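# Summary of the model geometry
If you want the building blocks of each chain, they are given just below.
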Amino acid sequence: MELRQYLSIVWKWVWLIVLAAGIAAVTSFLWNANSPRIYQASTSLMVGQSLANPNPNTGDIFTSQELAQTYIQIAKTDPVLQGVINVLKLNMSTDELGNNVSANIIQGTQLIELRVLDTDPHRAQAIANEYAHQLIAQAPSPNDPTEVARRDFAQNQIQDIQGKIEDAQKKIVDLQNSISTATSARDIADKQGQVAALQTQINQWQITYATLLSTLAPRASNYLSVVEPARLPTSPIAPVGAFLIEYFDDTVKTSEDVTESLGLFSLGAIGHIWGEDPADRLIAAKFPRASHSEAYRALRTNIQVTNLDKPVKTLLISSTNPKEGKSITAANLAVVMALGGSRVLLVDADLRRPNQHEIFGLSNEFGLVSALLSPDAALDVYLQLTTT
């Protein structure tokens, strides 16, 4: 058929196309007009107090990010949801409330975002704020009776030890002064022995003193605080129809989606690593104190602890699409495992786009294909040591 014939057919049935489009538009308008409006309120929580510290420790930041994952799971539990229902006197079950609330980590931060959907904007705001308060109630509180008693005991012990140290130091000064005026060798030796014994006792007290001080230090990493309370939503985000779209959306966007869809535990999450040169993205070796390096070390630890009875000897790093970071992940994971004391053999099995040699600055003269074509050759021929 020629183009003119195709156009003729389209023109013949153009009325049907216009009619179908009009019916769809009217139906959509009537559906949206009669559907209840949905409002969204959200509040943000921070895990830890690194913002209050002018020199935040990367370890504390990483710990706070890991704790945020735990708090997200706690936010979905019945005690938290039931607490919201009881305080606000909501006429709904925990399952119904759970379907209207969500908790997610803002990637790369210590922030947890709590979202609430409701047909009433004031109720959405109230639920969001109370949801945050109920989650905070699950965190360790400095006013907990057990915690207060522990700190009081430690404070009393510190004061007692401090007094003992001061008394012992005064006795040492007196003994040293008397040694200078002593005339008997036996008397001098006896006083020197007393000084040595007092100094040993002081050292032991100082160790205990330092330990007690550490118990009084605030646990900054395991602390929840509201960064931004929920505001009153002034306009709806969408009619109910949007929920149908969300319900039928089965794409995976977060690690929580992986856990929910596949029933698999997420071993870790690595943020995007910038750098044009592949070697620049070997961050575990070049910047061991960076947050990405901490994330790779956490991944290593999770791999090890999930198989304590049968330690993992072989790992396959793969992905569904190219340029998703499998080579960089394999390289950095190999580095942190080697730094952890393991002997690591990294095999680049990407036969289309191999780039481990570029990452580590090695020769690509021999590789996996060479070994497969010459199975009788010694393994040492293909091994390349790295100094990274």
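Structural data are supplied above this passage.
The model shown is predicted, which means the values in this text are computed figures rather than measured ones.

### Quick look at the overall build of the protein
In terms of helices and strands, the protein carries 15 helices and 5 strands. In the protein, which comprises 388 residues, the proportion classed as buried is 27%. At a minimum sequence separation of 6, the contacts of the protein that also span at least 24 residues come to 69%. Approximately 26,200 Å² of the protein is accessible, and the part contributed by carbon and sulfur atoms is 56%.

### Let's talk about helix H4 (residues 78-88)
For an α-helix, 3.6 residues make a turn, and residues three or four places apart therefore share a direction. Restricting attention to buried positions, one finds in H4 the residues Val80, Leu81, Gly83, Val84 and Ile85. Directly beyond the C-terminal end of H4, a positive phi value near 55° is found at lysine 89.

### Description of the nonpolar core
Core analysis: the largest hydrophobic core is formed by 28 residues, its most contacted members being Ile112, Leu114 and Tyr131. Those elements that provide at least two residues to this core are strand S1 (37-47), helix H3 (58-75), H4, strand S2 (101-105), strand S3 (111-118) and helix H6 (121-137). Ignoring anything within four residues of it in the chain, the contact list for leucine 114 reads Ala41, Ser42, Thr43, Leu45, Ser102, Ala103, Tyr131, Ala132 and Leu135. Residues Ile283, Tyr296, Val335 and Val336 belong to the second largest nonpolar core, which totals 16 residues.

Basis of the calculations
- Residues numbered from 1 in each chain as written.
- Predicted model: local features only at pLDDT ≥ 70, side-chain atom pairs only at ≥ 80, totals over all residues.
- Heavy atoms only, no water.
- Helix = DSSP H or I, 4+ residues; strand = E, 2+ residues; numbered from the N terminus.
- Buried < 20%, exposed > 50% of the residue type's maximum accessible area, 1.4 Å probe, protein only.
- Contact = heavy atoms within 4.5 Å.
- Areas by Shrake-Rupley, 256 points an atom, 1.4 Å probe, with all protein chains shown as cover.
- Core = buried A, V, L, I, M, F, W, Y, C linked by side-chain atoms within 4.5 Å.

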